[in-house]
Amino acid sequence: MFTASITEEYKVFNDCVHGHVSIHPLLVKIIDTPQLQRLRFIKQLGGLYFIFPGASNNRFEHSIGTCFIAGQLINALRAKQPELEINDRDVLCVQIGGLCHDLGHGPFSHLFDSLFIPRALPHANWKHEEASIMMFKHMVESNKMLPVFHHYGLNDDDIVFIQEIIFGPLQGVPSSSHWAFKGRPESKSFLYDIVANKRNGVDVDKWDYFARDCHHLGIKNNFDYMRLIEFSKVLAFNGRRQICYRDKEVGNLYDMFYTRNTLHRRAYQHKTNRSVETMITEALLMADPVLMIKGTNGEPKRMSEAIRDPVAFTKLTDHVFTLILHSDDENLAEARKLLERIIHRNLYKHIGQTHPEEQEHVDTVLAVHVR
């Protein structure tokens, strides 16, 4: 029987994918901030909710799920390999990185950073991880959380480490010539593979959203991340420690990438989804000069400008869809008509697809406005 001193600050979340998950008190305090709670109102699957009735999952639960699996993996490595010298601070930082890695997603998730921003700000070269760092800093500052972090044993290097987990090496942060990271030494390089693995793409972010998206889309998922964790081990390769998996798990890893392929083929790249997301994007572009969000010091910001203003970005969620749809503003008339077409299922028609050679970020050209 657990004593109150052990459990009094922990909270248990009943997750539809992972079951009952126990959350560290510092993670609970992060969850209870406006910046994290904002993710309740951002669809994980963007416009797919208009095609798959079950695709209602949000970034909020995915963030908690990623945090949970990150804890499962790092604690498994810690138990099996004490020589890695994984400490409590490492575990907590990796979990915070998993919890906060998607703070920078805009309305309808990848629609915002892949379709809207490139057209609203063609030369911005912006990605949501930048906003995740901005929002993490804003969360710590605006909620006066630095003393809370210190209370739980984290220091300034740990704050840098969390940001590196989310984004990668940070500009302006001094590092050694051969090791680009500042938050942890090269001997703990494997810690950077857990949440967002830039080396081979096998990371807990994918493990959660594969399981979660399949659950909500009704698509079978044969990949077993718990089994993969059981057969994980840190080994040195080319002088650097990396997370590796038993050779007999090659079939399980194959299932992981096959699940990814299936999700893209049957859902993410669904032709009707591309039509819906094109229409939402065009509506947002029409509304961008009109809709203003109060930002830092009360200064009004466009949606496209909010990516540089954490106060405005905190207020930017999927609610912009209904804001435009139910607006009486004549300046939003064209955007409103476009969204009304989505509601009435009068969608752009798919006439074919191509793969442009010169535009590496454009996979398909799908929709035309059929009047």
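Residues numbered from 1 in each chain as written. Predicted model: local features only at pLDDT ≥ 70, side-chain atom pairs only at ≥ 80, totals over all residues. Heavy atoms only, no water.

Focus on the layout of surface pockets
Phase 1: In this structure, the second largest pocket spans a volume of roughly 400 Å³.
Phase 2: As for the second largest pocket, its lining consists of 15 residues, of which Tyr10, His24, Asn75, Val91 and Gln95 are closest to the centre.
Phase 3: Elements with a contribution of two residues or more to the lining of the second largest pocket: helix H4 (59–80) and helix H5 (88–100).
Phase 4: In terms of residue class, the lining of the second largest pocket is built from six nonpolar, six polar and three charged. (1 Å grid on protein atoms, 1.4 Å probe; cavity = no way out; pocket = protein on both sides within 12 Å on 5 of 7 lines; lining within 4 Å. Points joined across faces, edges and corners; volume = space filled by probe spheres on them. Helix = DSSP H or I, 4+ residues; strand = E, 2+ residues; numbered from the N terminus. Nonpolar A, V, L, I, M, F, W, Y, C, P; charged D, E, K, R; others polar.)

Quick look at the pattern of salt bridges
A pair can form between side chains of opposite charge whenever their charged atoms are brought close.
Phase 1: On inspection of all chains with the given rule, the structure shows 16 salt bridges.
Phase 2: Note that Asp88 is salt-bridged to Arg78, the shortest N-O span being 2.8 Å. Residue Asp88 is located in helix H5, and its partner Arg78 is located in helix H4; the two are separated by 10 residues in the primary sequence.
Phase 3: The salt bridge partner of Asp247 is Arg246, with a shortest N-O separation of 3.6 Å.
Phase 4: Given the relative accessible area of 62%, Asp247 is considered exposed.
Phase 5: Classification of Arg246 as partly exposed rests on a relative accessible area of 43%.
Phase 6: Taken together, the salt bridges that share partners define one network made up of Arg89, Asp90, Asp158, Arg184 and Lys188. (Salt bridge = Lys/Arg side-chain N within 4 Å of Asp/Glu carboxyl O. Buried < 20%, exposed > 50% of the residue type's maximum accessible area, 1.4 Å probe, protein only.)

As for empty space enclosed by the protein
Phase 1: Tallied over the full model, the rule gives one cavity of 30 Å³ or more.
Phase 2: Computed from the structure, the largest cavity encloses a volume of approximately 40 Å³.
Phase 3: Residue lining of the largest cavity: Leu73, Asp193, Ile194, Asn197, Arg199, Asn200, Val202, Ile243 and Tyr245, and that is the complete set.

Side note on the packing of aromatic side chains
Phase 1: The tally for this structure, following the rule as stated, stands at 14 aromatic pairs.
Phase 2: On the numbers, 5.1 Å between centres and 50 degrees between planes, the contact of Trp179 with Phe181 is tilted.
Phase 3: Of the residues examined, Trp179 reaches a relative accessible area of 6% and is grouped as buried.
Phase 4: For Phe181, a relative accessible area of 17% corresponds to the buried category.
Phase 5: Relative to Tyr192, the ring of Phe181 has its centre 3.9 Å away and its plane inclined at 25 degrees; by these criteria the two rings are stacked. With a gap of 11 residues between them, Phe181 in the loop between helix H9 (156–167) and helix H10 (204–217) and Tyr192 in the loop between H9 and H10 connect regions that are remote in the sequence. For the pair formed by Phe181 and Tyr192, the shared burial category is buried.
Phase 6: Within the aromatic cluster, the residues linked to one another by ring pairs are Phe112, Phe116, Trp126 and Phe313.
Phase 7: Here the basic side chain of Arg40 rests over the ring of Phe60, its NZ or CZ set 4.0 Å away from the ring centre. (Phe/Tyr/Trp six-rings, centres within 6.5 Å; stacked < 30°, edge-to-face > 60°. Lys NZ or Arg CZ within 6 Å of the ring centre and 35° of its normal.)

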